[in-house]
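Letter by letter, the chains look like this.
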Amino acid sequence: MINLIKCHYSYLVSKTTVLMISIVLIIHLFSCFLIGYDCIDFSWQSQANQYYLESNLFFIKTTGIFIVVFLFSYSFITKQDNYCTLIITSNISRSKYFITKILTISLFLLGFLWIEVFIFIVIGGLYYPHVILEPDFLFLFIQLYLLMIYYGLFALVLIQCFDNIYMSIIPFAFYTIASIFQDEKDNFFIFKIILPTISTTESRGNYYQILFLMIILFFINGIIYQKRDF
Amino acid sequence: MDDVLVRLSNITKIYGKNKVLNQLNLEFRKKKAYLLVGENGSGKTTILKVILGLISYEGERTITCNQIGYVPDSLHFPYYLTCYDFLYNLGLIKNISPEKIKKALEILSKEWEIYPHINKKIHECSKGTKQKLLIIQAMLANPDIYIFDEALNGLDQNMQLKLFDFIQAMKDAGKTIIITSHYFSLYKKIVDQVIYLKEGKAYDQFN
């Protein structure tokens, strides 16, 4: 299993993915400085903290979903995934191949998110040496991680069905629409169930909803992959 | 009949509205080399994919061997990996012990003349070297069946001759070889049977 993960990882770390992730991280680094600079104007530290967290969360959410949708789509289009022919013909089952590949991408994303959080904490700490990070902050990032995987799996369903990288625009667009309507209380109920999002005000609110949707999508993808032609 | 390693019975494969294989029946036996020829889109690669279990199909496929060595016509290679790491990791995935892989790689890389490039990143290598990597990875597990999909791609004349020698040696060692190619004349000395594919059916070349 470790060897399979190593193999997937070697394919995942391509020139394109390294470039994409580096650009996102550099932009995040600069935006953290800018957000932190804006916080100096606040009279109360709690206000500044809240502003810093919300602005960063918005940025990490958006770029995180973008990266995850890209990674899942890019890794599973037939041209990039054709090394499966060597693996599957080496007496490795399709399900083992699929599960290890999803696991590899998920671990890679965890690393990416960890760097994002690290930048968030370090730059925040530079501006406010005595900043207090509440426990809810960590739950928020765990929730964000699950949300990223969910949208990645959503993109994967489309990629497996249509085998076209441009399909990855759809889940990203859906996520953007879901973010716009996240404050609507009564309307768009069904819409909010299938397209979850997170905010600083309801940090533990839809934790189980995202997890549940993620598991459903994982199984749907697994079934499609079993029947897929290479 | 015991020497049949692969049996395809009534295999039908449809892509969209195109029936690529139509109630196809084929048998591949031990110690034989087969050449699948046909026009573009005649179903050569599709037959290989049916044997390898890479596509869905109607009909029955029976395989009585443990390992298949597959050389695809093209492959997306990892960008940052060296040739050695690529082959070594594939060997581990094929469940071969590290010592055996190291030994095999030392011999095969010299035999197939990739030794000077073995520690190079794959993206720095030529098309021919990449093709040799695909051939070497297929040999690692000492499979019972070798499947070559347009294996001559990118190989120079010396390496083509080397491949023909290898095919002959494997045949003598009791292995089954299945090759797809457009170039019947190049293989005619080493193959035992030429299967001509047309309109989803298989014909013996000489009939």
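About the cut-offs
Residues numbered from 1 in each chain as written. Chains lettered and ligands numbered in written order. Predicted model: local features only at pLDDT ≥ 70, side-chain atom pairs only at ≥ 80, totals over all residues. Helix = DSSP H or I, 4+ residues; strand = E, 2+ residues; numbered from the N terminus. Contact = placed C-beta atoms within 7 Å. Axes fitted to C-alpha atoms, helices over the stretch in contact; angles between N-to-C directions. Parallel < 35°, antiparallel > 145°, perpendicular 65-115°, else oblique. Left-handed = near helix turned anticlockwise from the far one by under 90°. Nonpolar A, V, L, I, M, F, W, Y, C, P; charged D, E, K, R; others polar. Domains from an automatic or database assignment. Buried ≥ 20, exposed ≤ 12 C-beta atoms within 10 Å, placed from the backbone. Pairing = 2+ DSSP bridges. Core = buried A, V, L, I, M, F, W, Y, C linked by C-beta atoms within 7 Å.

Participant: Pulling in residues and values, what's your account of the overall build of chain A?
Facilitator: For chain A, the count of helices and strands is 10 helices and zero strands. Starting at the N terminus, the α and β elements of chain A follow one another as α-α-α-α-α-α-α-α-α-α. Of all intrachain contacts in chain A linking residues separated by at least 6 positions in sequence, the fraction that spans at least 24 positions is 79%.

Participant: Give a detailed account of the packing of helix 2 (residues 83-93) of chain B against helix 4 (residues 127-139) of chain B, specifying residues and quantitative values.
Facilitator: Residue and element names in this part refer to chain B. Closest axis-to-axis distance for the helix 2/helix 4 pair is 10 Å, and the angle between their directions is 25 degrees. The angle between the axes of helix 2 and helix 4 places the two elements in the roughly parallel class. For helix 2 against helix 4, the interelement crossing comes out right-handed. Taking contact as the criterion, the partners of Cys83, Phe86, Leu87 and Leu90 in helix 2 are, on helix 4, Leu133, Ile136 and Gln137. Looking at side-chain class alone, the contact of helix 2 with helix 4 contains six nonpolar, one polar and no charged residues.

Participant: Quick rundown of the domain arrangement of chain B? Include the residues and the values.
Facilitator: If you check the domain split of chain B, you get domain 1 (1-65 + 144-207) and domain 2 (73-142). Class assignment for the residues of the side of domain 1 of chain B that touches domain 2 of chain B results in four nonpolar, two polar and three charged.

Participant: For the interface of chain B and chain A, give the residues involved together with the corresponding values.
Facilitator: Between chain B and chain A, the contact holds 22 residues from the first and 24 residues from the second. Broken down by secondary-structure element, the contributors of at least two residues to the side of chain B that touches chain A are helix 1 (44-52), strand 5 (68-71) and helix 2 of chain B. The element that contributes the greatest number of residues to the side of chain B that touches chain A is helix 2 of chain B, accounting for four residues. Class assignment for the residues of the side of chain B that touches chain A results in 14 nonpolar, six polar and two charged.

Participant: Break down the pairing of strand 3 (residues 33-38) of chain B for me, citing the residues and quoting the values.
Facilitator: Residues and elements named next belong to chain B. Across the six residues that make up strand 3, a large majority, five, are buried. As paired elements, strand 3 and strand 7 (residues 176-180) share four bridges and run parallel to each other. Bridged to Leu36 within strand 7 is Thr180. As defined by bridge partners, strand 3 adjoins strand 8 (residues 193-198) across five bridges and the pair is classed as parallel. Residue pairing across strands places Tyr34 opposite Gln193, the latter belonging to strand 8.

Participant: Explain the nonpolar core residue by residue, including any values.
Facilitator: Side chains that are nonpolar tend, in soluble globular proteins, to be buried together. Judged by nonpolar contacts, the single largest core of 117 residues is most densely connected at Val68 and Tyr151 of chain A together with Tyr34, Ile147 and Ile179 of chain B. Counting the residues that make up this core, at least three belong to each of domain 1 (1-65 + 144-207) and domain 2 (73-142) of chain B. Ignoring anything within four residues of it in the chain, the contact list for Tyr151 of chain A reads Ile65, Val68, Val69, Pro171 and Tyr175 of chain A.

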